[in-house]
Amino acid sequence: MKKIMFVCHGNICRSPMAEFIMKKLVRENGIADNFQISSSATSTEEIGNPVYPPAREELKRHGISCDGKYAVQVKKSDYEKYDLFLIMDDLNNRNIMRIFGKDPENKVHKLLEFAGRNNNVADPWYNGRFDVAYNDIYDGCSGLLRYLTEREEI
């Protein structure tokens, strides 16, 4: 089983969008049983809060529900429990390294690496463009799934 955690700053926009997009992709491909997919925050600011309403609405436009998701923070002990941590931007990388201390197994990657891009996922918290964030995240999740299936890791 492949254990994946998506990580952003608050776990109310981008990382839960990624969690539920990826869950939909693996379900549609009939391989959901091969995955454990979750999301978390690097900060404590939004812990316990539900997915931000505009993010929830963007997912809903694509037929995806995120009901029951509440923000949680990534913990140092998660490093041993997961195979991959997909971060949304450079700031997330800096903050997750503060939590983990190091990444000896090369588990932390920018999500858009898997879409052939080395840039950050657009942050809708600041620009209000949840559609752009959705497209970035969808591209990254699709690329990640392709990468994992090509390497037969699932």
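A.B. asks: Is there a simple way to think about helix α1 (residues 14–28) in this case?
C.D. replies: Given 3.6 residues per helical turn, the α-helix brings residues three or four places apart onto the same face. Given a rise of 1.5 Å per residue, 15 residues ought to cover 21 Å, and the 21 Å separating the end C-alpha atoms of α1 matches this to within 8%. Within α1, eleven of the 15 residues are buried, which leaves the element mostly enclosed by the surrounding structure. Considered for burial, the residues of α1 that qualify are R14, S15, P16, M17, A18, E19, F20, I21, M22, L25 and V26. Looking at the buried side of α1, the elements it contacts are β1 (2–8), β2 (35–41), α2 (53–61), α4 (90–100), α5 (124–127) and α6 (130–150). Following α1 by one or two positions, G30 has its phi on the positive side, about 70°.

A.B. asks: When you look at the packing of α1 against α2 in this model, what are you seeing that I'm missing?
C.D. replies: A pair of packed helices can be characterised by two numbers: the angle between their axes and the separation between those axes. Axis separation between α1 and α2 bottoms out at 10 Å; the angle between their running directions is 20°. One element, α1, and the other, α2, form an angle in the roughly parallel class. As α1 packs across α2, the resulting crossing turns out to be right-handed. Where α1 approaches α2, its residues M17, F20 and I21 are matched on the opposing element by A55, E58 and L59. Broken down by class, the residue content of the contact of α1 with α2 amounts to five nonpolar, no polar and one charged.

What counts and how
Residues numbered from 1 in each chain as written. Predicted model: local features only at pLDDT ≥ 70, side-chain atom pairs only at ≥ 80, totals over all residues. Heavy atoms only, no water. Helix = DSSP H or I, 4+ residues; strand = E, 2+ residues; numbered from the N terminus. Expected span 1.5 Å × (residues − 1). Buried < 20%, exposed > 50% of the residue type's maximum accessible area, 1.4 Å probe, protein only. Contact = heavy atoms within 4.5 Å. Axes fitted to C-alpha atoms, helices over the stretch in contact; angles between N-to-C directions. Parallel < 35°, antiparallel > 145°, perpendicular 65-115°, else oblique. Left-handed = near helix turned anticlockwise from the far one by under 90°. Nonpolar A, V, L, I, M, F, W, Y, C, P; charged D, E, K, R; others polar.

Spatial relationships are all this shows, so hold off on functional conclusions.
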